[in-house]
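Topology and contacts: notes
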Amino acid sequence: MTRRGFLKVGGGVTAASLTLAAIPADTLMRASGAARAVGQRMPNGVELPATPPRRKRPDSVGFAIVGLGDYALRQMMPRFAQTERAHVAAIVSGNPDKLSRVGDAYGVPPDARYSYETFANIASDDRVEAVYIVLPSGLHADWTARAFAAGKHVLCEKPMALSSAECEHMIAAGRRADRKLMIGYRSHFEPHNLEAMALMAGSAVGPLRLLRTEQSYRMGPTSPSENWRVNRALAGGGPLEDLGIYGLQAALYLAREMPESLSATTFRPAGDPRFAEAFAHVASQWRFPSGAVAQLATSYDSSGTNFVHARGTTGALIMDPATDYSGQRMWLEGGERREISPGDPEVQFARQLDHLADAIRDGIRIRTPGEMGLRDLRLIEAIYASAAAGGTVRLNPDGTMRH
Ligand code: NAD
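None of the values given here were measured: they were computed from a predicted structure. (Residues numbered from 1 in each chain as written. Predicted model: local features only at pLDDT ≥ 70, side-chain atom pairs only at ≥ 80, totals over all residues. Heavy atoms only, no water.)

1. Comments concerning the overall build of the protein chain
- Across its full length, the protein chain carries twelve helices and 15 strands.
- Scaling as 2.2 N^0.38, a compact globule of 403 residues should have a C-alpha radius of gyration of about 22 Å, and the protein chain matches this with 21 Å.
- Overall, the protein chain is about 60 × 55 × 40 Å in size when its C-alpha atoms are taken along their principal axes.
- Out of the 403 residues in the protein chain, the part that is buried amounts to 56%.
- Considering only contacts within the protein chain whose residues lie at least 6 apart along the sequence, 69% involve residues at least 24 apart.
- Element-wise, carbon and sulfur atoms account for 50% of the exposed surface of the protein chain, whose accessible area totals about 16,800 Å².
- Taking the average place of the 46 positive charges on the side chains of the protein chain and the average place of its 42 negative ones, the gap between the two points comes to 3 Å. (Helix = DSSP H or I, 4+ residues; strand = E, 2+ residues; numbered from the N terminus. Rg over C-alpha atoms; globule rule 2.2 N^0.38 Å. Buried < 20%, exposed > 50% of the residue type's maximum accessible area, 1.4 Å probe, protein only. Contact = heavy atoms within 4.5 Å. Areas by Shrake-Rupley, 256 points an atom, 1.4 Å probe, with all protein chains shown as cover. Lys, Arg positive; Asp, Glu negative; His and termini not counted. Charge placed at Lys NZ, Arg CZ, Asp CG, Glu CD.)

So, in structure tokens, the structure goes:
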């Protein structure tokens, strides 16, 4: 994605241009050159399976995993052992050592191990029907386009991309190729979050008034050249796209309406190499048409937290931790405190993979489609636009900014 492409979000002053205005130009030039898939070493602490996961059904969908990083190797690939209808058919990496070790451990034949350079050959590999993109976020749009060009369905990690313009291109490419596009919003497959959606739809706390979410951790010493998560070309603004997007999602699926306006603030401490390009914190306040208000905060520079509070006229729903990989806790307050434990959070990973397989085989509607990712990027752009302009941004029902 060129810098000019990133700035073009439909003419006039855009969220992206306002955001980028806050970053020194020389930093941008350096950052934009870095948005390219490059092999990395094996992440620390990866345990490869002793025996490859078994394919369970004849109609199982073969996935190619693009990007063998921390999330792919430590979370998602091991979960194929728990899927019903999805299996690892190919791997794609820029690191030959990882291709060999991960390929052997997962039983991927040598001719189904691709490099970034040979990826286009996957078009004629019938073992692969879906491509799972687990690359740094600034590479999602490009690699989704490549996967559609190869005629495959796509599961793309969150955030869908770094701008709404990129999201629109991805959706259009999927339509042209007549292939499915799903975003890896795993909370839509996690029992506590699903139960929270049902409770809020059933007005368990009365009409919603106040919603708060926080997602944060303190990042150790690093810089944009060492860590893509603080590199603007690969991560956008930083914590909002990475962690805060869980709070943004929860605010939307619990309030069950789109905000009509929002105001926001961002912070970058001077002289800290971690935040030469990314923000340390991003906070926003939303007003919904019903009168409910949401406050969202996310940080790469404060002690760890991940909660959602939804407070209505008769009680509150508390989720803490709200959207982790495991260990979710949730309770209702107001009257007697009631703990709610609807199931094991760790099913979220395999269910997400099976969901795309079901959509491919049975044509079921995708719960987390590209349009949802686009909606969220529009809100992220509105947040950055508000912070850059120092004022309230009014929104259309589809999340675009009203000018
Ligand atoms: P990571 O740094 O551990 O892995 C990224 C991998 O991408 C690298 O190992 C490498 O194989 C590949 N890569 C290719 N080009 C690269 C480049 N220029 N710079 C760095 N890596 C490059 O990151 P991760 O934590 O695995 O995150 C990957 C994606 O998954 C991101 O989009 C992230 O937002 C998403 N993610 C989602 C969840 C979730 O819960 N849904 C959790 C973690 C990460």
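2. Things to note about the nonpolar core
- Counting residues in each nonpolar core, the largest one holds 114 residues, and the members touching the most others are Phe63, Ile65, Trp286 and Leu317.
- Apart from the residues within four sequence positions on either side, Phe63 is in contact with Phe80, Ala86, His87, Val88, Ala89, Ala90, Ala130, Tyr132, Leu155, Leu353 and Leu356.
- Ranked by size, the runner-up nonpolar core spans seven residues in total, among them Val230, Leu243, Phe275 and Ala280. (Core = buried A, V, L, I, M, F, W, Y, C linked by side-chain atoms within 4.5 Å.)

3. Focus: the side chain of His355
- Residue placement: His355 occurs in helix H11 (residues 347-362).
- In contact with His355, other than residues within four places in its own chain, are Met182, Phe189, Ile364, Arg365, Ile366 and Arg367.

4. Details of the packing of helix H4 (residues 70-79) against helix H5 (residues 96-106)
- Contact pair H4 / H5: the axes reach a minimum separation of 12 Å and the direction vectors enclose 30°. Classified by the interaxial angle, the pair formed by H4 and H5 is roughly parallel. Relative to H5, H4 is oriented so that their crossing is right-handed. Contacts from Leu73, Met77 and Pro78 in H4 reach Lys98, Val102 and Tyr106 in H5. (Axes fitted to C-alpha atoms, helices over the stretch in contact; angles between N-to-C directions. Parallel < 35°, antiparallel > 145°, perpendicular 65-115°, else oblique. Left-handed = near helix turned anticlockwise from the far one by under 90°.)

5. Regarding the packing of aromatic side chains
- A full pass over the atoms with the stated rule returns eight aromatic pairs.
- When the centroid spacing of 5.7 Å and the interplanar angle of 70° are considered together, the rings of Tyr325 and Phe349 count as edge-to-face. You can see Tyr325 sitting in the loop between strand S12 (316-319) and strand S13 (330-333) and its partner Phe349 sitting in helix H11, a full 24 residues away along the chain.
- Accessibility expressed as a relative area gives 35% for Tyr325, which makes it partly exposed.
- Judged by relative accessible area, which is 0%, Phe349 ranks as buried.
- Members of the aromatic cluster, joined through ring pairs, are Tyr71, Tyr325 and Phe349.
- If you follow Arg232 out to its NZ or CZ, it ends over the ring of Phe279, 5.4 Å from the centre.
- Between the NZ or CZ atom of Arg337 and the centre of the ring of Trp331, over which it lies, the distance is 4.2 Å. (Phe/Tyr/Trp six-rings, centres within 6.5 Å; stacked < 30°, edge-to-face > 60°. Lys NZ or Arg CZ within 6 Å of the ring centre and 35° of its normal.)

6. Some words on the pairing of strand S11 (residues 301-312)
- As paired strands, strand S7 (residues 208-218) and S11 are joined by nine bridges and run antiparallel to one another. Paired with Arg212 across the bridge in S11 is His309.
- Examined bridge by bridge, S11 and S12 share four bridges and lie antiparallel to one another. Among the inter-strand pairings, Val308 is bridged to a residue of S12, identified as Met319.
- Between S11 and S12, which pair antiparallel and follow one another directly, the connecting turn spans three residues. (Pairing = 2+ DSSP bridges.)

7. Comments concerning the packing of helix H7 (residues 164-177) against helix H12 (residues 370-389)
- Remark: H7 packs on H12, axes separated minimally by 8 Å, with the N-to-C direction vectors making an angle of 170°. Between H7 and H12, the angle falls in the class roughly antiparallel. Relative to H12, H7 is oriented so that their crossing is left-handed. Mapping the contact onto sequence places Ser164, Cys167, Glu168, Ile171 and Arg175 in H7 and Gly370, Glu371, Gly373, Leu374, Leu377, Arg378 and Glu381 in H12.
- Considering only residue class, the contact of H7 with H12 consists of four nonpolar, three polar and five charged. (Nonpolar A, V, L, I, M, F, W, Y, C, P; charged D, E, K, R; others polar.)

8. Some words on the pattern of salt bridges
- For the coordinates displayed, the defined rule picks out 25 salt bridges.
- A salt bridge links Glu339 to Arg329; the nearest nitrogen and oxygen atoms lie 2.9 Å apart. Here Glu339, found in strand S14 (residues 338-339), pairs with Arg329, found in the loop between S12 and S13; they are ten residues apart in sequence, far enough to count as distant.
- If you follow the salt bridges from partner to partner, you end up with Arg57, Asp59, Arg85, Asp358 and Asp362 in one network. (Salt bridge = Lys/Arg side-chain N within 4 Å of Asp/Glu carboxyl O.)

9. Here we look at the site of the ligand
- The local shell around the ligand holds 26 residues, among which Val38, Asp70, Lys158, Arg186 and Tyr246 are the closest.
- A distance of 2.9 Å is found between a nitrogen atom of the ligand and a side-chain nitrogen or oxygen belonging to Glu157.
- Within the contact set of the ligand, an oxygen atom lies 2.8 Å away from a backbone nitrogen or oxygen of Lys158.
- When the free accessible area of the ligand is taken as 820 Å², the share hidden by the protein chains comes to 91%.
- A breakdown of the residues in the shell around the ligand according to their chemical character gives 13 nonpolar, six polar and seven charged. (Near = heavy atom within 4 Å. Polar contact = N/O pair within 3.5 Å; in protein donor to acceptor, adjacent residues only side chain to side chain.)

10. Some words on the pairing of strand S5 (residues 153-156)
- With burial as the criterion, each face of S5 is covered, one bearing His153 and Leu155 and the other bearing Val154 and Cys156.
- In this view, the connection linking strand S4 (residues 130-133) to its parallel neighbour S5 by way of helix H6 (residues 140-149) has right-handed handedness.
- When S5 meets strand S6 (residues 181-183), the two strands line up parallel, connected through three bridges. Opposite Cys156, over in S6, you have Ile183 as the bridge partner. (Right-handed = clockwise from strand over helix to strand, strands pointing away.)

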